[in-house]
Amino acid sequence: MKKGILTFVLLSFIIPLQALAQLQSPAEFLGYELGEQWTPHYKVMNYFRHVADESAMVTLSEYGKTNEGRELVYAVVTSVQNQTNIEEIRLNNLKLTGLEEGEPTENQKAIVWLSYNVHGNETSSSEAALNTIYKLVTENSDWLQNSVVIMDPMVNPDGRDRYVNWFKSVVGEEINVHPESREHSEPWPGGRTNHYYFDLNRDWAWQTQVESQQRIAVYNQWMPHVHVDFHEQGVNSPYYFAPAAEPFHLAITDWQRDFQTMIGKNHTKYFDEENWLYFTREVFDLFYPSYGDTWPTFNGAIGMTYEQAGHSSAGLGVITAEGDTLTLNDRLTHHSTTGLSTVEITAQNHERVIEEFSNYFSNTIENGDGEYKTFVVKKSSNPDKVTGLLQYLDKQEIEFGMATESSRTEGYDYATGETGRVNIEEGDYVISTYQPKGTLVRVLFEPKPELVDSLTYDITAWEMHYAFGVDGYAIPGQVEAGPVASTSEDDLTRVIDKPYAYLAKWNSLDDLKFLAQILKKGVKARYAQEGFVLNEEEYAPGTLIITRNGNEHLGDEFDTIVKDEAGLLNRVLTPVATGFVDSGKDFGSSGVRYIETPKVALLSGSGTSSNTVGHIWNYFDQQIDYPVSLINVDDVSSVDWDDYHVLILPSVYGSAFGDSEMDTITSWVRSGGTLIAVDGANNMLAGKDGFDLGRKESEEAEEDEDPEDKLVKYGEASRERAKYMNAGSIFETTMDNTHPLAFGYGEEYMSLKLGSTAFAYLDNGWNVGVAKEEAHRSGFVGSEAKKDLENTLSFGVQNMGRGQVVYMIDNPLFRGFWHNGKLLFGNAVFFVGN
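Residues numbered from 1 in each chain as written. Predicted model: local features only at pLDDT ≥ 70, side-chain atom pairs only at ≥ 80, totals over all residues. Heavy atoms only, no water.

Q: Explain the overall build of the protein chain to me, and be specific about the residues and the numbers.
A: Scanning the protein chain from N- to C-terminus turns up 23 helices and 36 strands. Per-residue burial over the protein chain gives 57% buried out of 834 residues. In the structure as shown, the protein chain presents an accessible area of about 33800 Å², 45% of it carried by carbon and sulfur atoms. Both charge centroids of the protein chain, one from 64 positive and one from 124 negative side chains, sit 2 Å from each other. (Helix = DSSP H or I, 4+ residues; strand = E, 2+ residues; numbered from the N terminus. Buried < 20%, exposed > 50% of the residue type's maximum accessible area, 1.4 Å probe, protein only. Areas by Shrake-Rupley, 256 points an atom, 1.4 Å probe, with all protein chains shown as cover. Lys, Arg positive; Asp, Glu negative; His and termini not counted. Charge placed at Lys NZ, Arg CZ, Asp CG, Glu CD.)

Pasting the structure below:
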């Protein structure tokens, strides 16, 4: 027996040593010391493959590809013995969460996930990843007996290579450390974002981007206990690590707070020894659920952000405000230190970490979470929008069912914003917090997330009923539910050979996708400006009318195209034999508008918001699959605008858009073009000649204003400013749904309102969407900002000559997750102006 134990102990040392015999350090493999130059994506991948090939402690897996075709990989780093049982360890962990059935064995390890370079131009962390994996397997393998470390060395390869390739093109033989030199001034759009200029660190919960979708699928297969997201901040900032700043979301447990502090204190041991400056409990809060620290936190992990001074302005070296030179080696060393320290303290406390993780899920399954334990989605809601929500929940591995019986109970009604008696019908959809992902359910669905501190720097409302546009309730108790029953619909309501026209409803993004596809294939379509009745069926304004007349050029392909595209998108077509309606406007009436296939342009380039440009570009390219031309601001005066029907103007900064460009665009609009101004673009148009948009005048100060009100303490300045802030909250918007911009919507629409700039109602235009008094529904908005935003414009349309200007004060495409607003944008493109 003793001989067997001795043999095992010897082998446990011999196998790793043999496995490491051919392992090279990053410097040996790359041919340069880390910190001397940037390591591009392909070399980072090559080194991780090398480590996996040469060390039995490492496996490497590809989990996807970016939009530009770059590999996305993760490494699993643990002891050789753990690697031989890694699937058992993984499944045991999932059994602790309740996401996998069965009782776990005793083979349980603490799991740490390290995510690097989610922001492409915060480049030091991928360099740190190279150093960290080498040190883990060569110097710190004892930690790996009780832990499994998962490393994603580059979350955003497209953005990172964009930055690295640019930097290499502008730097000389020697770097220039003076901050005013060009290598410290990254050009538009910058490397922070992915291919479509989306901030992937705001996409963890929404998963609108391929990188996020593929990463989350793997994350859910592991469900780590600790997750670190490595970042960079301004060059003059000391290092930041946990514990995080307030506000913490109230769903965060005491243990999650406590272990953050334990981890932070472990870091201080190393930072104090080196006399490195750092700060904690400031700036970086844990409230908005779509960060790389909060989303893992709401999935049971200890989620943390680490911030190193640097960013794109640091280059390979830069002189700071204090006269020191910050180098890439400094940056990667700090990140390596905190990464290794995180593994160390987690391994040392592995039993407690695993126990608390298990308790987190068992408590949620047994007791639910939050004030409201159950969330109901009415079966009478728009079926396309319900389907979109359920598909989203399924990807998050959130369980849902259907109410097995009708009942009446107390609850919060999302439609009215009031609490009272509500009716739950058999067949309504039910999402309970009594499940493994119950805390995430609470966070996504609670009507009014509670802030313990108003000083947060991101949006404060995101509720899923509002985001997807469905009706329902929040219920304090449980609702009996069974499995979801499948439903099916016929492709066509009736069969008519060679119908006079096909009719299609218009109230969801899928309807917009259908229109986009048939227009691309040369089909000519119309829409009803007013509701009508035909064959005793009622049709709403916006109904698509696809007549055979005008499509003769397609021959028999006309029916094939329309039916095939409808089938691909599960659209129900109604073929009709006549254009003579029972009531309303006949199909040849001027009240049935022809949809001219629009050629669409989007202003982009230096001076525009790359995020807003990206949100719009992605909408056309990935969501509705319709062409859009991105045109640089510098080229506005040289473009033949007669070729375009629609121009989308994103947020524009500074003097990028001058008088000459403005005159060119105004002339084009007057000649029949449609200009869509989104978000900050409206600030530029307000007060300009010819544009009816103007700022709302502030209420005059009371004559008896107390002079004491001006005596604000210096230390309270931030809280004083908060009175005028709206980082992002939900407002009830009253819609004029007789206008084409609002076709497909009811009389109320829940809008995500960003910022506190208030615009007055249009004097000479259509105020299609407005925020009236008491319109605020959810999220934090300062007391003064709340008053200013009452009785203001959210969406409007102004005639200008033969053209039109669409004012979208609220951006329905923001971050791609406000799905209920996407048809609104389609209306602006395809209906307004036709």
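Here the narrative resumes, following the displayed structure.
Q: I'd love a proper account of empty space enclosed by the protein, names of residues and values included.
A: By the definition in use, this model includes 1 cavity of 30 Å³ or more. The volume enclosed by the largest cavity comes to roughly 30 Å³. For the largest cavity, the full set of lining residues is F198, D199, R202, D203, H615 and R815. Per-class residue counts for the lining of the largest cavity are 1 nonpolar, 1 polar and 4 charged. (1 Å grid on protein atoms, 1.4 Å probe; cavity = no way out; pocket = protein on both sides within 12 Å on 5 of 7 lines; lining within 4 Å. Points joined across faces, edges and corners; volume = space filled by probe spheres on them. Nonpolar A, V, L, I, M, F, W, Y, C, P; charged D, E, K, R; others polar.)

Q: Can you tell me about the sheet that holds strand β13 (residues 374-377), naming the residues and giving the values?
A: Taking strand neighbours across the sheet as the criterion, the 7 strands line up as β16-β15-β18-β13-β17-β14-β19 in an open arrangement whose pairing is antiparallel. The open sheet terminates on both sides in strands that have one partner only, identified here as β16 (418-424) and β19 (481-482). Across 2 bridges, strand β15 (residues 407-413) lies against strand β18 (residues 472-475) in antiparallel orientation. Among the inter-strand pairings, D413 is bridged to a residue of β18, identified as Y473. (Pairing = 2+ DSSP bridges.)

Q: Please give an account of the packing of aromatic side chains that cites residues and values.
A: The description of an aromatic ring pair uses the distance of the two centres, along with the angle that the planes make with each other. Tallying each qualifying case throughout the model produces 54 aromatic pairs. Between W166 and F167, the aromatic rings sit 6.3 Å apart at their centres with planes inclined by 70°, giving edge-to-face as the arrangement. A ring pair is formed by Y240 and F279, whose centres lie 5.3 Å apart and whose planes are at 50°; its orientation type is tilted. Of this pair, Y240 sits in strand β6 (residues 239-240) while F279 sits in strand β8 (residues 278-279), placing them 39 residues apart in sequence. The exposure class assigned to F279 is buried, which follows from its relative accessible area of 15%. (Phe/Tyr/Trp six-rings, centres within 6.5 Å; stacked < 30°, edge-to-face > 60°.)

Q: Please set out the pattern of salt bridges residue by residue, giving values where relevant.
A: Counting across every chain of the model gives 35 salt bridges. Linking R202 and D458 is a salt bridge whose minimum nitrogen-to-oxygen distance equals 3.4 Å. Highlighted residues: R202 in the loop between α7 (157-170) and α8 (210-222) and D458 in the loop between α14 (438-445) and α15 (464-468), separated in sequence by 256 residues. With relative accessibility at 13%, the residue R202 sits in the buried group. Among the ionic pairs, R257 bridges to E246, the shortest N-O distance being 3.2 Å. Of the two residues, R257 sits in helix α9 (residues 254-274) while E246 sits in strand β7 (residues 245-248), which places them 11 residues apart along the sequence. (Salt bridge = Lys/Arg side-chain N within 4 Å of Asp/Glu carboxyl O.)

Q: Lay out the sheet that holds strand β21 (residues 525-528) in plain terms, naming residues and giving numbers.
A: Strands in a sheet are paired, the pairing made by backbone hydrogen bonds, and the direction either parallel or antiparallel. A sheet is described by the order of its strands in space; here 5 strands give the open sequence β25-β20-β24-β21-β26, paired in antiparallel fashion. The open sheet has two edge strands with one neighbour each: β25 (573-576) and β26 (592-595). If you compare each strand with its neighbour and ignore which way they point, the axes differ by 30° on average. Summarising the sheet, β21 and β26 pair through 4 bridges and their orientation is antiparallel. In the sheet register, A525 faces β26, and the bridge partner there is I595. Along the sheet face, helix α17 (residues 557-568) touches β20 (501-504), β24 (544-547) and β25 and points at about 15° away from the line of β20. (Axes fitted to C-alpha atoms, helices over the stretch in contact; angles between N-to-C directions. Contact = heavy atoms within 4.5 Å.)

Q: If you had to explain the layout of surface pockets to someone new, which residues and values would you point to?
A: Quantified by volume, the second largest pocket comes out at close to 660 Å³. What lines the second largest pocket is a set of 32 residues, among which S609, T612, S651, Y653 and D679 lie closest to the centre. For the lining of the second largest pocket, the element with the most residues is helix α18 (residues 610-623), which contributes 4 residues. Looking at the lining of the second largest pocket residue by residue, the class counts come to 10 nonpolar, 16 polar and 6 charged.

Q: Run through the pairing of β25, naming residues and quoting values.
A: Neither face of β25 is exposed, since L573 and P575 on one face and T574 and V576 on the opposite face are all buried. Bridging between β20 and β25 involves 4 bridges; their strand directions are antiparallel. Within β25, the position partnered with Y502 by the bridge is P575.

Q: Could you give an account of α9, naming the residues involved and the relevant values?
A: If you check α9, its first and last C-alpha atoms are 31 Å apart, about what 21 residues at 1.5 Å a residue would give, namely 30 Å. The set of residues buried in α9 consists of W255, Q256, F259, Q260, I263, G264, N266, H267, T268 and F271. N275, located one to two residues past α9, shows a positive phi value of around 60°. (Expected span 1.5 Å × (residues − 1).)

Q: Talk me through the environment of N131; I want residue IDs and the actual numbers.
A: Among the secondary structure elements, N131 is positioned in helix α6 (residues 124-138). If we ignore the near neighbours within four places in the chain, the residues touching N131 are P26, L34, L332 and S336.

Q: Provide a residue-level description of unusual backbone geometry, including the pertinent values.
A: At the junction of W188 and P189, the peptide bond is cis and its omega measures out at 0° in the coordinates. Position of P189 relative to the elements: it lies in the loop between α7 and α8. Put simply, E246 and P247 share a cis peptide bond, and its omega is 5°. Among the structural elements, P247 can be located in strand β7. Of note in this structure, M223 is not a glycine but carries a positive phi near 50°. Relative to the helices and strands, M223 resides in the loop between α8 and β5 (226-233). Exposure remark for M223: the relative accessible area of 0% places this residue in the buried category. Even without glycine at this site, N275 takes up a positive phi of about 60°. Checked against the element boundaries, N275 lands in the loop between α9 and β8. Accessibility expressed as a relative area gives 66% for N275, which makes it exposed.

Q: Please give an account of the packing of helix α5 (residues 86-97) against α8 that cites residues and values.
A: Look at α5 against α8: their axes get within 7 Å of each other, and the N-to-C directions meet at 90°. It follows from the interaxial angle that α5 and α8 lie roughly perpendicular. Contacts between α5 and α8 involve I86, R90, N93 and L94 on the former and, on the latter, N220, Q221 and W222. (Parallel < 35°, antiparallel > 145°, perpendicular 65-115°, else oblique.)

Q: Give me the lowdown on the nonpolar core, citing residues and values where you can.
A: Generally speaking, a soluble globular protein has its nonpolar side chains buried in company with each other. Within the largest apolar cluster, 130 residues are counted, with the highest numbers of intra-cluster contacts made by F620 and F825. In terms of residues, this core owes the most to one element, helix α16 (residues 509-520), which gives 7 residues. When neighbours within four sequence positions are excluded, F620 is seen to be in contact with V600, D625, Y626, P627, V628, I648, F825 and V829. Judged by nonpolar contacts, the second largest core, of 58 residues, contains L30, V80, V228 and F259. (Core = buried A, V, L, I, M, F, W, Y, C linked by side-chain atoms within 4.5 Å.)

Q: Got a sec to walk through the packing of α5 against helix α12 (residues 350-367)? Specific residues and values, please.
A: Running from N to C, α5 and α12 point in directions that differ by 40°, and their axes come no closer than 7 Å. It follows that α5 is oblique to α12 by the angle criterion. On α12, the residues that touch N93, L96 and T97 of α5 are I354, F357, S358, F361 and I365. Classifying every residue of the contact of α5 with α12 gives 5 nonpolar, 3 polar and no charged.

Q: So what about the side chain of T297? Which residues, and what values?
A: Mapped onto the elements of the fold, T297 is located in helix α10 (residues 294-297). Side-chain polar atoms of T297 contact the backbone oxygen of D293, separated by 2.6 Å. In contact with T297, not counting residues within four places along its chain, are I252, Q256, I302, G303 and Y360. (Polar contact = N/O pair within 3.5 Å; in protein donor to acceptor, adjacent residues only side chain to side chain.)

By themselves, these are just geometric observations and shouldn't be taken as functional.
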